[in-house]
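Next come the chains, spelled out residue by residue.
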Amino acid sequence: MLVQRHSRADRLFLHGVRAVGYLTFVLVASIGVFLALQAKPTLSHYGLGFFTEQRWLPSQDIVGIAAVLVGTIEVALIALIIALPLAIGTALFITDWAPPALRPTLVRAVDLMAAVPGIVFGLWVLLFIQPHAAHVSHWLSAHFGWIPFFYVHTDVDYPIWNQAPGYAAYQGSAFIAAIAVSMMIFPMATSVMREVFAEAPAGEKEAAIALGATRWAMVRKVVLPFGRSGIVGGSMLALGRALGETISVVLIINQAFHIKVNVLESGTATISSMIAIGYKEATPAQLSALLTCGFVLFVMTLAVNTLASRIVARSRSGAGTEL
């Protein structure tokens, strides 16, 4: 009978890692409990109306997160739509097209993007990208304004449109804020997808090439089916990050507390940006309302990240893949 024995170093490492895991769980649980306790007075006072009211006027006892909740989801989803194709393409290029000598450099470059502070992306989009993004918004509004998402309440036929009084309507929108957020979630999504794509069975990839398939056909028939769960998991992890992004959104959007589906039009609000702007001068009642918003965002992010982690774990174990 074989008995597994760990060396002293292995036992110390095992207990150390286990302690860090327990400590992380305790910290996250403590944050959740703290936010829940601080949010209890606000939720008890407003009830379900807290989730349906659009206006945010704590000084008048009118508090609701319907508008900021919709704005948070809009910015996160648009950012995901922008970042997802870039992440998939970059991950596939690194694993299946890039020369082997170049791959480590590309991996380091993508990972380095994750270390860039959010304020850098926010300023970059605010100062350099927004003027060009406004042209894109104007074009979409002029040609697809019959779709509510692309409609902007201004004169799109003004002769010199970017000098029209309504030009400001294209700035500070959910769309432009999402561009900054997409650059922040792109490295995370790319890293997860790259790791999953790299685990695709080499034998089946080589067999597809040997049978005459092109590299793109091999990617479509072998790599992408194997990495399907990784794509979903990486996207959801990126979505969890996008939901809580703060500083880059604060720099770009114009705060507006009403539900609007016009994502190209100026004015929206997200939970994290509202907390960042309002907490400094908040009264105790207002602070409780802001912490309630934080609790809602905490629950949303925790749920998305937990589900994403399970999906990524399944993909890495090979479960749920059909080859």
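Since this is a predicted model, take the numbers as computed values, not measurements. (Residues numbered from 1 in each chain as written. Predicted model: local features only at pLDDT ≥ 70, side-chain atom pairs only at ≥ 80, totals over all residues. Heavy atoms only, no water.)

### Considering the overall build of the chain
From N to C terminus, the chain includes 12 helices and 2 strands. Overall, the C-alpha framework of the chain stretches about 75 × 55 × 30 Å when taken along its three principal axes. Burial analysis of the chain (323 residues in total) assigns 42% to the buried set. Taking contacts inside the chain between residues at least 6 apart in sequence as the whole, the part at least 24 apart equals 74%. Taking the average location of the 20 positive side-chain charges in the chain and that of its 16 negative ones, the two points are 13 Å from each other. (Helix = DSSP H or I, 4+ residues; strand = E, 2+ residues; numbered from the N terminus. Buried < 20%, exposed > 50% of the residue type's maximum accessible area, 1.4 Å probe, protein only. Contact = heavy atoms within 4.5 Å. Lys, Arg positive; Asp, Glu negative; His and termini not counted. Charge placed at Lys NZ, Arg CZ, Asp CG, Glu CD.)

### What to know about the side chain of S182
For S182, the position within the fold is in helix 6 (residues 174-198). For S182, a relative accessible area of 0% translates into the label buried. A distance of 2.6 Å separates the side chain of S182 from the backbone oxygen of I179, its partner in a polar contact. Here S182 is in contact with A79, I82 and A83, once residues within four sequence places are set aside. (Polar contact = N/O pair within 3.5 Å; in protein donor to acceptor, adjacent residues only side chain to side chain.)

### Let's talk about the layout of surface pockets
In this structure, the largest pocket occupies an estimated 210 Å³ of space. Lining of the largest pocket is provided by W56, P58, Q255, F257, M274, I277, G278, K280, E281, A282, Q286 and L290. For the lining of the largest pocket, the secondary structure elements donating two or more residues are helix 11 (271-278) and helix 12 (284-317). By residue number, the principal contributor to the lining of the largest pocket is helix 11, which donates 3 residues. Looking at the lining of the largest pocket, its residues break down into 7 nonpolar, 3 polar and 2 charged. (1 Å grid on protein atoms, 1.4 Å probe; cavity = no way out; pocket = protein on both sides within 12 Å on 5 of 7 lines; lining within 4 Å. Points joined across faces, edges and corners; volume = space filled by probe spheres on them. Nonpolar A, V, L, I, M, F, W, Y, C, P; charged D, E, K, R; others polar.)

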